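# A closer look at the structure
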Amino acid sequence: MHIEEIQKALREEKLDGWLFFDHHLRDPLAYRILKLGTDGVISRRWYYFIPAQGEPRGLVHAIESGVLDGLPGKIQIYSSWAAQTGGIAALVEGCRTVAMQYSPNCAIPYVSLVDAGTLELVRGTGIDVVSSANLVQLFDSRWRADQLEMHLEAGRRVDKVRAGAFQKIDAALRAGEAINEWQVNRFIREGFDKAGLVTDHGPIVGVNANMSDPHYEPKAEGSHPIRKHDAVLIDLWAKLDKPGAVYYDITWTGYCGHEPPAALQNVFEVVTGGRDRAIERVKHAISHGELIHGFEVDDACRGYIQEKGFGDYFIHRTGHSIGEEVHGTSANMDNLETHDDRRIIAGTCFSIEPGVYLPAFGIRSEVNMYIGEGHAQVTGEIQQELLRMGPA
């Protein structure tokens, strides 16, 4: 942890400090940012304050007095409720505005980790508590150079597995063999294992109406067969089986036949048009040094889909942050589920994945974007045409 870098960011944000708090490992962000270990019993509340100027300081319970060992600054010990309250006041003495892992109205749940009671306790000292969301991006979400390389390599391997999955469907249809969603799901997971990839769950393999459930996952029992004239959606995500690896997360769609229905083709073009509008919005802003926020990317994508008459069927955000977990802690491309006003910053990655979900079928097209210094890139293959599978 680099205290000087955090303090510089606090001054740039015009904040007096950043107050970390935890109880029973509720805030994993605190442990990652402060580089604290999570071994042993952590059953009492601790606080650690990094001021914009001066030496950090902490407050720990007498039973667990070593929980902040290794961090710089003076550590005060408390045991009673009164001593805790007084200790918090001492930590933030002289401050007016302090950041914590909090989000007004829980707009950004990934950051809103401090409970309401603790907020009341801290605000009772007379300070204003604001969100640490932008700070979390800077000190938890930015990728190292080796993480970008692991993402790109994961992308090459996942793209190969994805292509193989659609080829498997194509081969089965041409041979007149039965195949279903579950079999394709298992084919993908076996492909991940062989390629040295790991994932937390999934993938999604959905046929026709199942494509319109954004979190659908087939089961061994009751899985839908894949037949001629069916539409198919595959959403898969994985990372290298290595420490510090980050995810690659994509969605592609296809049709079992060579002449997709006009309605299916039209929705595919609407969705990919919205995707491309969002990509261009990001690329233009980053290359021109413009400040851009997550909600603005969602607006660009959603506005296009609304123009085409399908806005009511686009029921989720445009994209999510990507990191060591498939849903990371930097800005989401969202002005629907939340108003994400976090800046999009260099070193972070996110998905662009608009979808239109109708009763008979759904289309989603997902790519990943990485933000570099002065440039933005899509990190893998981009689906330009609806895939065709099986005999004519």
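Coordinates for the structure precede this section.
Treat the numbers as computed from the prediction; the structure is a model and nothing was measured. (Residues numbered from 1 in each chain as written. Predicted model: local features only at pLDDT ≥ 70, side-chain atom pairs only at ≥ 80, totals over all residues. Heavy atoms only, no water.)

As a further point, take the environment of Val 92. With respect to the helices and strands, Val 92 occurs in the loop between α3 (81-91) and β5 (97-100). On the accessibility criterion, Val 92 (2% relative accessible area) is buried. The sequence separation of Val 92 and Arg 44 amounts to 48 residues, and the corresponding C-alpha distance is 20 Å. Among all residues touching Val 92, those that are not within four sequence positions of it are Leu 19, Phe 49, Thr 125 and Ile 127. (Helix = DSSP H or I, 4+ residues; strand = E, 2+ residues; numbered from the N terminus. Buried < 20%, exposed > 50% of the residue type's maximum accessible area, 1.4 Å probe, protein only. Contact = heavy atoms within 4.5 Å.)

A few words on unusual backbone geometry. Following Gly 202, the chain continues into Pro 203 via a peptide bond in cis, with omega recorded as 5 degrees. For Pro 203, the location among the structural elements is in the loop between β7 (197-198) and β8 (204-207). Of note in this structure, Asn 105 is not a glycine but carries a positive phi near 60 degrees. As for its placement among the helices and strands, Asn 105 is situated in the loop between β5 and α4 (116-123). Residue class for Asn 105 comes out exposed when judged on its relative accessible area of 81%. Even without being glycine, Asn 208 reaches a positive phi, approximately 50 degrees. As for its position among the elements, Asn 208 is in the loop between β8 and β9 (231-240).

Inspection of helix α1 (residues 3-12) places Ile 3, Ile 6, Gln 7, Ala 9 and Leu 10 among the buried residues, and these make up the whole buried set. Along the axis of α1, the buried residues cluster in a sector spanning 160 degrees; they form a single face. Opposite the buried face of α1, by more than 90 degrees, sit the exposed residues Glu 4 and Glu 12. Against the buried residues of α1 lie β1 (17-22), α2 (28-34), β2 (46-51) and α5 (133-141). At the C-terminal side of α1, Lys 14 shows a positive phi close to 60 degrees. (Arc of directions from axis to C-beta.)

The pairing of strands in a sheet happens through backbone hydrogen bonds and is either parallel or antiparallel. Strand order in the open sheet formed by four strands is β11-β12-β15-β16, with antiparallel pairing between adjacent strands. Of all strands in the sheet, those with a lone pairing partner are β11 (321-322) and β16 (376-378), marking the two edges. As paired elements, strand β12 (residues 349-352) and strand β15 (residues 367-371) share four bridges and run antiparallel to each other. Bridge pairing in β15 links Phe 350 to Met 369. Here helix α8 (residues 262-287) sits on the sheet in contact with β12, β15 and β16, set at roughly 5 degrees to β15. (Pairing = 2+ DSSP bridges. Axes fitted to C-alpha atoms, helices over the stretch in contact; angles between N-to-C directions.)

The next thing to look at is the pairing of strand β3 (residues 57-61). Counted residue by residue, β3 has four buried out of five residues, so it is predominantly covered. Examined bridge by bridge, β2 and β3 share three bridges and lie antiparallel to one another. Residue pairing for β3: Tyr 48 is matched across the bridge by Gly 58. Counted along the chain from β2 to the antiparallel partner β3, the turn is five residues long, and its residue Gly 54 has a positive phi close to 95 degrees.

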